[in-house]
Amino acid sequence: MRVLLIGSRNGSDPGYLCRLQRQAAAAGSQVTLLADCPDPLRDLALDAGDILTQPSPHEGLGLACVEGMRHALPVVATDTDGLREVVTAHTGILTDTADPCGYAVALARLATDPGLRDRLGQAGRRRAAETFGIDQCARRTLDVYREAIRLRTAGAA
């Protein structure tokens, strides 16, 4: 098994990145850490992956999960409000990072069941396109502006 950690240093704790780098180096060739990699490299890595995991206990939306789902990766993520908006029972497994054994069981379940990985991954790809695609986001943003204009116009009358 190989683990590829992909992330951004944007706004993150530099000490945390140093700890991750030391832990990745201690794990040898089984763990690779890519910090601030360009989007095309990230996309190649996601295309080559089997599972995406987002163990963050504080996540506003979970863009990494959306990106993984775009690449048909099933997701194991922390059960938080923001990640619940992205990951469903049809696209992945939500679990508790405070329960490392439970998190490991969720990862092992996907690692050992290629059919489940495929079903969740394909459902994730559809959900990412239908819910988080640029067309849908632009349409919803326009809807909000239209409603704001309607309310302002109605209030002025």
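Read on for a plain summary of the structure.

### Let's talk about the nonpolar core
Next up, step 1: If you look at the biggest cluster of nonpolar residues, it comprises 13 residues, and the most contacted ones within it are Leu 52, Cys 65, Val 75, Ala 77, Val 86 and Val 87.
Next up, step 2: Those elements that place two or more of their residues in this core are helix H3 (63–70), strand S4 (75–78) and helix H6 (114–132).
Next up, step 3: Element by element, the count of residues in this core is highest for H3, at three residues.
Next up, step 4: Once you skip the residues sitting within four places of it in the chain, Val 87 turns out to touch Cys 65, Val 75, Ala 77, Gly 92, Ile 93 and Leu 94.

### Regarding the packing of helix H5 (residues 100–111) against H6
Next up, step 1: One can describe the packing of H5 onto H6 by two numbers: an axis separation of 6 Å at closest approach and a directional angle of 100°. Overall, the two elements H5 and H6 adopt an arrangement that is roughly perpendicular. Counted together, Arg 109, Leu 110 and Ala 111 of H5 and Leu 116, Arg 117 and Leu 120 of H6 form the full contact between these two elements.
Next up, step 2: Looking at the contact of H5 with H6, its residues break down into four nonpolar, no polar and two charged.

### Focus on the layout of surface pockets
Next up, step 1: If you add up the space inside the largest pocket, you get close to 1800 Å³.
Next up, step 2: If you go around the largest pocket, you meet 45 residues; those closest to its centre are Leu 4, Leu 5, Ile 6, Thr 53 and Pro 55.
Next up, step 3: Per element, the largest residue contribution to the lining of the largest pocket is six residues, and it comes from H5.
Next up, step 4: Of the residues that constitute the lining of the largest pocket, the class distribution is 27 nonpolar, nine polar and nine charged.

### Examining the pattern of salt bridges
Next up, step 1: Taken as a whole and assessed by the stated rule, the structure comprises seven salt bridges.
Next up, step 2: The residue Asp 39 makes a salt bridge to Arg 42 at a minimum N-O spacing of 3.1 Å. Of this pair, Asp 39 and Arg 42 both sit in helix H2 (residues 39–48), three residues apart, roughly one helical turn.
Next up, step 3: According to the relative accessible area criterion, Asp 39 is partly exposed, its value standing at 46%.

Definitions and cut-offs
Residues numbered from 1 in each chain as written. Predicted model: local features only at pLDDT ≥ 70, side-chain atom pairs only at ≥ 80, totals over all residues. Heavy atoms only, no water. Core = buried A, V, L, I, M, F, W, Y, C linked by side-chain atoms within 4.5 Å. Buried < 20%, exposed > 50% of the residue type's maximum accessible area, 1.4 Å probe, protein only. Helix = DSSP H or I, 4+ residues; strand = E, 2+ residues; numbered from the N terminus. Contact = heavy atoms within 4.5 Å. Axes fitted to C-alpha atoms, helices over the stretch in contact; angles between N-to-C directions. Parallel < 35°, antiparallel > 145°, perpendicular 65-115°, else oblique. Nonpolar A, V, L, I, M, F, W, Y, C, P; charged D, E, K, R; others polar. 1 Å grid on protein atoms, 1.4 Å probe; cavity = no way out; pocket = protein on both sides within 12 Å on 5 of 7 lines; lining within 4 Å. Points joined across faces, edges and corners; volume = space filled by probe spheres on them. Salt bridge = Lys/Arg side-chain N within 4 Å of Asp/Glu carboxyl O.

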